[in-house]
Amino acid sequence: MTLTLRTPVCDRLGIAHPIFGFSHSVDVVVEIARAGGYPVLGLAREMPQEIPHILHEVDTRMQGRPYGVDLMLPAAVPRTGNIDALRAALPSAHVDFVQALRDRFNVLPPQKPSFFTTQVRSEDLFEMQIEQVLNSNATGVATAIGLRADLIERARARGKTTFSLVGSIRHAQKALAMGVDVLVAQGYDAGGHTGSVGTFSLVPQIVAIAGDVPVLAAGGIGNGAQIAGAIGMGAQGGWLGTLWMAARENHTPPALMARLIAAGSEDTVISRAHSGKPCRVVRSDWIDAWTEAGAPEPLAMPMQQALTGDVFASIHEHDDPRLVYEAAGQSVFAIREQTTIERQMQTLVQEISTAAQRLKALN
């Protein structure tokens, strides 16, 4: 017997399962939607001129299925992001250190332009991204970093559900005061930019202050039993990101896939070397080099990207097995082989059911 856990947010959003999937891949989000989950497409890394075409493709392939878009809108960035101007202002000691690493690891120049080689985060970029997302058919808008009352108001005025990823009670209170529709309690276990409180400790605290606002659990979630456990704590679903990198639809480069398969939870670390903000990544020789004796402290966002963005682009472009890394949570333990979104979703749903039956048997 399959025991299905369906929460109010499923009815609100028109989805079959309380599974929320964040990904940078259009193919991944389309398949999550087809399998009954709620996909969220990350567009914080995309080239500005590409975003309208990406959203048009998503809208076409979704065939009316609900989906969200995630943006990263940190404060304290420049009004206009000129990457050449920021590069010219980089401290010479940092420039020399990174050049020494390029020489040491024989980092080849990237051959293709990308967000990391041509853009830096700025208010002008954010405004362009926001407008394009609001003009799309996305039913939801999520912010991974940054709370903006104007975005929440504009999104809700267009009938879109707003999500805010929060890592502390303070952040949740701010989001609630702005009228956010759904809180995503993202614990320290999460991949990417994250806070200091573990998911199992954070979720019940956010649920306690959320009132009627739905809460989703995020951070380190790689199986359905964890989703069921989060629902038992009062959340209405699980928000997963790292797991989907194991799917063929993510087009994960072979060396990165091998690193993720081999990694355990302890192989992910919080580092400022990627973006300038604390970011959990799966470690590599490049990340470890920033902890060696004599290494400088990473620069603040967006200066760190201006310093190392070409290296990140290069190691992904060339799939360098020594250096390649990616934002990844402690849920990397659940990646053991390459699979598909369909199989992952089926497994998650079955694991949720098994966990629910296990609890029911205790009555």
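Coordinates for the structure precede this section.
Residues numbered from 1 in each chain as written. Predicted model: local features only at pLDDT ≥ 70, side-chain atom pairs only at ≥ 80, totals over all residues. Heavy atoms only, no water.

> Can you help me understand the side chain of Ser 331 in this one?
Counting through the fold element by element, Ser 331 comes out in the loop between α14 (303–317) and α15 (341–360). Looking at Ser 331, the relative accessible area reads 2%, which means it is buried. (Helix = DSSP H or I, 4+ residues; strand = E, 2+ residues; numbered from the N terminus. Buried < 20%, exposed > 50% of the residue type's maximum accessible area, 1.4 Å probe, protein only.)

> Explanation requested: the packing of helix α5 (residues 92–105) against α14 in the structure shown.
Each packed pair of helices is defined by two parameters, the angle between the axes and the distance between the axes. Where α5 meets α14, the closest approach of the two axes is 10 Å, and the angle between their N-to-C directions is 10°. The pairing of α5 with α14 is recorded here as roughly parallel in orientation. Residues His 94, Val 95, Val 98 and Arg 102 of α5 touch α14, and the partners they reach there are Leu 307, Thr 308, Asp 310 and Val 311. Counted by class, the contact of α5 with α14 contains four nonpolar, two polar and two charged residues. (Axes fitted to C-alpha atoms, helices over the stretch in contact; angles between N-to-C directions. Parallel < 35°, antiparallel > 145°, perpendicular 65-115°, else oblique. Contact = heavy atoms within 4.5 Å. Nonpolar A, V, L, I, M, F, W, Y, C, P; charged D, E, K, R; others polar.)

> Just to check I follow, could you spell out the nonpolar core for this structure?
Side chains of nonpolar character tend, in soluble globular proteins, to be buried together. One finds Leu 183 and Trp 244 to be the most contacted residues of the largest nonpolar core, which totals 40 residues. Counting residues per element, the ones that place at least two in this core are α2 (26–34), α9 (169–178), β6 (182–186), α10 (199–210), β8 (215–218), α11 (224–232), α12 (254–262) and α15. In this structure, Trp 244 is in contact with Ile 19, Gly 21, Phe 22, Val 28, Ile 32, Asn 250, Ile 341, Gln 344, Met 345 and Leu 348, ignoring residues within four places of it in sequence. The next biggest cluster of nonpolar side chains, apart from the first, holds 29 residues, and it includes Ile 83, Ala 273, Trp 286 and Phe 312. (Core = buried A, V, L, I, M, F, W, Y, C linked by side-chain atoms within 4.5 Å.)

> Just to check I follow, could you spell out the pattern of salt bridges for this structure?
Two side chains carrying opposite charge are able to pair once their charged atoms lie near each other. The tally for this structure, following the rule as stated, stands at 19 salt bridges. The partner of Asp 27 in a salt bridge is Arg 61, and the shortest N-O contact between them spans 2.7 Å. Placement of Asp 27 in helix α2 and of Arg 61 in helix α3 (residues 51–62) is noted, with a sequence separation of 34 residues between them. Its relative accessible area of 23% is what places Asp 27 among the partly exposed residues. Classification of Arg 61 as partly exposed rests on a relative accessible area of 24%. Across the pair Glu 292 and Arg 104 runs a salt bridge whose closest N-O atoms are separated by 2.9 Å. (Salt bridge = Lys/Arg side-chain N within 4 Å of Asp/Glu carboxyl O.)

> Just to check I follow, could you spell out the pairing of strand β1 (residues 19–23) for this structure?
In regular strands, side chains alternate between the two faces of the sheet. Judged by how many residues are buried, β1 sits mostly within the fold: four of five residues are covered. The pairing of β1 with strand β2 (residues 38–42) spans four bridges and is parallel. Across the sheet, the residue bridging to Gly 21 is Pro 39, located in β2. Handedness of the crossover joining β1 and β2 through α2: right-handed. (Pairing = 2+ DSSP bridges. Right-handed = clockwise from strand over helix to strand, strands pointing away.)

> Is there a simple way to think about the packing of aromatic side chains in this case?
Within a pair of aromatic rings, the relevant descriptors are the distance that separates the centres and the angle that separates the planes. The final tally for this structure, using the stated rule, is nine aromatic pairs. Here the aromatic cluster, defined as three or more aromatic residues joined through ring pairs, consists of Phe 20, Tyr 38, Phe 163 and Trp 239. Above the plane of the ring of Tyr 188 lies Arg 280, whose end atom (NZ or CZ) is 4.5 Å from the centre. (Phe/Tyr/Trp six-rings, centres within 6.5 Å; stacked < 30°, edge-to-face > 60°. Lys NZ or Arg CZ within 6 Å of the ring centre and 35° of its normal.)

> Help me out: how do you make sense of helix α7 (residues 123–134) in this one?
The α-helix advances 3.6 residues per turn, and as a result positions three or four apart in sequence lie on the same side. The terminal C-alpha atoms of α7, which comprises 12 residues, lie 16 Å apart, in line with the 16 Å expected from a rise of 1.5 Å per residue. When α7 is considered as a whole, its buried residues turn out to be Glu 123, Leu 125, Phe 126, Gln 129, Ile 130, Gln 132, Val 133 and Leu 134. Buried positions along α7 lie against α3, β3 (68–72), α6 (115–118), β4 (140–145) and α8 (149–157). (Expected span 1.5 Å × (residues − 1).)

> Would you mind showing me how to read the environment of Val 215 here?
Its place among the elements puts Val 215 in strand β8. Val 215 sits 31 residues away from Val 184 along the chain, and the two C-alpha atoms are 5.7 Å apart. With residues up to four places along the chain from it excluded, the contact list for Val 215 reads Leu 183, Ala 185, Ile 206, Val 207, Ala 210, Ala 235, Gln 236 and Gly 237.

> I would appreciate a short explanation of the sheet that holds strand β9 (residues 238–240) in the present structure.
Note on sheets: strands pair through backbone hydrogen bonds, and any given pair is parallel or antiparallel. Judged by pairing direction, the barrel is parallel, and its eight strands sit side by side in the order β1-β2-β3-β4-β5-β6-β8-β9 before closing back on the first. Across this sheet, the average inter-strand angle for adjacent strands is 25°, counted without regard to direction. With four bridges joining them, β6 and β8 adopt parallel strand pairing. The residue of β8 that forms the bridge with Leu 183 is Val 215. Strand contacts of α2: β1 and β2, with the helix running at about 165° to β2, the strand carrying the most contacts. Packed onto the sheet, α7 meets β3 and β4 and runs at close to 170° relative to β3.

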